[in-house]
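A closer look at the structure
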Amino acid sequence: VRLSWGLEPELVARAGGDHQLDALLVVTYGVDAVRLDTAAYVPNEFLAALQDGTGTPIMGEVVTSNMSYHASFEADPSLGGRRVLAGVRNFPVADVAK
């Protein structure tokens, strides 16, 4: 099931705000993990708060050839090494195949 949080305002309101929405989905629907496409376009501070509040692993998708940048979505040096997401996916073979 693909949910677009931006298109579900009643869920956001019921959850008490954006950061609690993920926890609501986990409790209401029994979600055991979340895949977050385009995580690179979301601030790490928000992602870290989202991961901390969810109670389930969030796997982010960050497509880049810069592995230091990619790694910052697992532990961000600018946030004191704070964990951002439980895991991060990348598709570096796509660059080689071009």
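Above this text you will find the structure in question.
Just so it is clear, the model here is predicted, and its values are computed rather than measured.

Focus on helix α3 (residues 44-54)
- By the burial criterion, the buried members of α3 are Asn44, Leu47, Ala48, Leu50, Gln51 and Thr54. Along the axis of α3, the buried positions cluster into a sector of 160°, meaning they face one direction only.
- Downstream of α3 by one or two residues, glycine 55 has phi in the positive range, about 80°.

Things to note about the packing of aromatic side chains
- According to the stated counting rule, one finds one aromatic pair in the structure shown.
- Pairing tyrosine 69 with phenylalanine 73 gives two aromatic rings, centres 5.2 Å apart and planes at 85°, and the pair type is edge-to-face.
- Judged by its relative accessible area of 1%, phenylalanine 73 is buried.

Regarding the sheet that holds strand β5 (residues 87-89)
- Strand order across the open sheet formed by three strands is β1-β2-β5, with parallel pairing between neighbours. This sheet does not close on itself; its edge strands, each paired only once, are β1 (34-36) and β5. If you compare each strand with its neighbour and ignore which way they point, the axes differ by 25° on average.
- By the bridge criterion, three bridges tie β1 to strand β2 (residues 58-61) in an arrangement that is parallel. Bridge pairing in β2 places valine 34 opposite isoleucine 58.

The rules behind the values
- Residues numbered from 1 in each chain as written.
- Predicted model: local features only at pLDDT ≥ 70, side-chain atom pairs only at ≥ 80, totals over all residues.
- Heavy atoms only, no water.
- Buried < 20%, exposed > 50% of the residue type's maximum accessible area, 1.4 Å probe, protein only.
- Helix = DSSP H or I, 4+ residues; strand = E, 2+ residues; numbered from the N terminus.
- Arc of directions from axis to C-beta.
- Phe/Tyr/Trp six-rings, centres within 6.5 Å; stacked < 30°, edge-to-face > 60°.
- Pairing = 2+ DSSP bridges.
- Axes fitted to C-alpha atoms, helices over the stretch in contact; angles between N-to-C directions.

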